[in-house]
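# Notes for the structure review
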Amino acid sequence: MAGRVITVTSGKGGVGKTTFSANVSAALATLDQKTIAVDTDVGLRNLDIVMGLENRIVFDLVDVIEGRCRLQKAFIRDRRLDTLHLLPAAQTRDKSAVSPDIMKKICDELRSLFDFVIIDSPAGIEHGFQNAVVGADEAVIITTPHVSSIRDADRVIGLLEAADKRHIRLVINRIQTELVRRGDMLDIPDILDILSIDLLGVIPEDAYIVIAGNRGELAAVHATSQAGQAYKNIARRLLGEEVPLMSIGQAKGFFKRLTRMITNA
Amino acid sequence: MKFLSTLFEYNPRHSTAQPSSKAVAKERLKLALTYDRGGLAHGTIEQLREEIIELIAKHLAIHEEDIVIDFDRTIDHDKMIASVPLQVTTRPRAEAANAEADKNTRRRRRRGRRAAN
């Protein structure tokens, strides 16, 4: 059975694409899905360091494209979780090797080898973004509750819709419940109202993300992190399970209504 | 109206009804996205507002300062909504005199019917 290729993109930089890609890949891997996370941010690679695999890179995406190695040679298998793999980006400044046609071929090949291919897109809407999106069946848009990232998310959604990408879903990252309660942060219904797309999940601001990043560990495999739990829930939703939104400090009825807004795979 | 009420979220910190910062953010975003999505030239919506005011004011007495142009966009629909408060009109004296005359006519007719029965 063919795997699913999902691009994680946002428009705005720094909203959590790489952290999301790493954590949801790990969460899927713990659910026995053979998963590979692909870093397409050539020149500014980060997926490797977020996953704690930066010391294990031998070959990268550009080596594969330029024929210095076979595709499989560039895979890094996580020793802590053997269903989890990484295809790292190159750290060279020359991105011209990567083109949409080549990326499409690579995605097709990855689709035949894995259950899930999670593509970490670079920020922006230029070539890097186009390369990351071309081979994907589905897209996940990461936004935070800030005017700048929401505006950029809207633009990206428009571009994806124009490219006939059908399965586009939103993840709202870094929600701060106290600010939401005070009326100082846009909440989930506000953001859905503005962007008008289906919701995949919501991830709370969590100090553990900083700690995990420092250690090269992932919140999704940690027992007590709230953000980690949110990533796990998202992985389960990707697998078709109905998982209610985590109650992060708001009234239960409110969350029941929101949960109905979530659509599953 | 729903969109007006979103501007005034109950906020215990403020004694006066001041829009919450997130309500301001939401309105700004809706406007920005209307421009971004529509590829509108800068100032189009302000110009639209002026033209709407001018047009309606030709036909109706309105409160120009209180006109609200809002964008209601959801998964199901995409609407521009204009809320135009009208000035309260009172009946002019001539009409009032006629209304009084009509009332007297009706009284006479009723008396006439009773007398006939």
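Preceding block: the structure.
Values in this document were obtained by computation on a predicted structure and should not be read as measured data.

The rules behind the values
- Residues numbered from 1 in each chain as written.
- Chains lettered and ligands numbered in written order.
- Predicted model: local features only at pLDDT ≥ 70, side-chain atom pairs only at ≥ 80, totals over all residues.
- Heavy atoms only, no water.
- Contact = heavy atoms within 4.5 Å.
- Buried area = accessible area lost by both parts, 1.4 Å probe.
- Salt bridge = Lys/Arg side-chain N within 4 Å of Asp/Glu carboxyl O.
- Polar contact = N/O pair within 3.5 Å; in protein donor to acceptor, adjacent residues only side chain to side chain.
- Nonpolar A, V, L, I, M, F, W, Y, C, P; charged D, E, K, R; others polar.
- Phe/Tyr/Trp six-rings, centres within 6.5 Å; stacked < 30°, edge-to-face > 60°.
- Helix = DSSP H or I, 4+ residues; strand = E, 2+ residues; numbered from the N terminus.
- Buried < 20%, exposed > 50% of the residue type's maximum accessible area, 1.4 Å probe, protein only.
- Axes fitted to C-alpha atoms, helices over the stretch in contact; angles between N-to-C directions.
- Parallel < 35°, antiparallel > 145°, perpendicular 65-115°, else oblique.
- Pairing = 2+ DSSP bridges.

### A closer look at the interface of chain B and chain A
Contact with chain B, which involves 16 residues of that partner, is made by 17 residues of chain A. Summed over both sides, the interface between chain B and chain A buries roughly 1500 Å², with carbon and sulfur atoms accounting for 50% of that surface. A per-residue breakdown of the area chain B buries against chain A is headed by K22, K26 and L29 of chain B, which together make up 37% of the total. Along the contact surface separating chain B from chain A lie 6 salt bridges. Of the charged contacts, one joins K22 of chain B and D187 of chain A as a salt bridge, the two residues approaching to 3.2 Å between their closest N and O atoms. Viewed at the interface, chain A and chain B are joined by 9 residue pairs in polar contact (both at pLDDT 80 or more). Here the side of chain B that touches chain A is built from residues that sort into 5 nonpolar, 4 polar and 7 charged.

### Overview of the packing of aromatic side chains
Within a pair of aromatic rings, the relevant descriptors are the distance that separates the centres and the angle that separates the planes. Residue and element names in this part refer to chain A. The full count for this structure, using the stated rule, is 2 aromatic pairs over all chains. Measuring from ring centre to ring centre gives 6.1 Å for F20 and Y231, while their planes differ by 65°; the resulting arrangement is edge-to-face. In this pair, F20 is assigned in helix α1 (residues 17–30) and Y231 in helix α10 (residues 226–238), connecting sequence segments 211 residues apart. Of the residues examined, F20 reaches a relative accessible area of 3% and is grouped as buried. Between F75 and F114, the ring centres sit 5.4 Å apart and the planes meet at 65°, which makes this aromatic pair edge-to-face. Here the residue F75 occupies a position in the loop between α3 (61–65) and β3 (76–77), and F114 occupies one in the loop between α4 (100–113) and β5 (116–120), the gap between them amounting to 39 residues.

### Observations regarding the packing of helix α2 (residues 21–38) of chain B against helix α3 (residues 44–59) of chain B
Residue and element names in this part refer to chain B. Put simply, α2 and α3 touch, their axes get as near as 10 Å, and they point 105° apart. Considering their axes alone, α2 and α3 lie roughly perpendicular with respect to each other. In contact with L31, T34 and Y35 of α2, α3 contributes T44, I45 and E46. Its residues placed into classes, the contact of α2 with α3 shows 3 nonpolar, 2 polar and 1 charged.

### Topic: the pairing of strand β2 (residues 35–39) of chain A
All names here are of chain A. Burial of β2 is extensive: 5 of the 5 residues sit out of reach of the surface. Side-chain alternation along β2 places T35, A37 and D39 on one buried face and I36 and V38 on a second face that is also buried. In terms of strand pairing, β2 meets strand β4 (residues 84–87) through 4 bridges, oriented parallel. Across the sheet, V38 pairs through a bridge with L87, a residue of β4. Sheet topology places β2 next to β5; 5 bridges connect them, and they run parallel. Bridged to I36 within β5 is V117.

### With respect to the side chain of S21 of chain A
In this structure, S21 of chain A sits in helix α1. If near-sequence neighbours (up to four positions away) are discounted, S21 of chain A is found in contact with V8, L47, I118, I119 and D120 of chain A.

### Observations regarding the pattern of salt bridges
The tally for this structure, following the rule as stated, stands at 19 salt bridges over all chains. For D78 of chain A, the salt bridge goes to R80 of chain A, with nearest N and O atoms at 3.0 Å. D78 of chain A gets classed as buried once you look at its relative accessible area, which sits at 3%. Residues joined by salt bridges that share partners form a network here, namely D187, D190 and D193 of chain A together with K22 and K26 of chain B.

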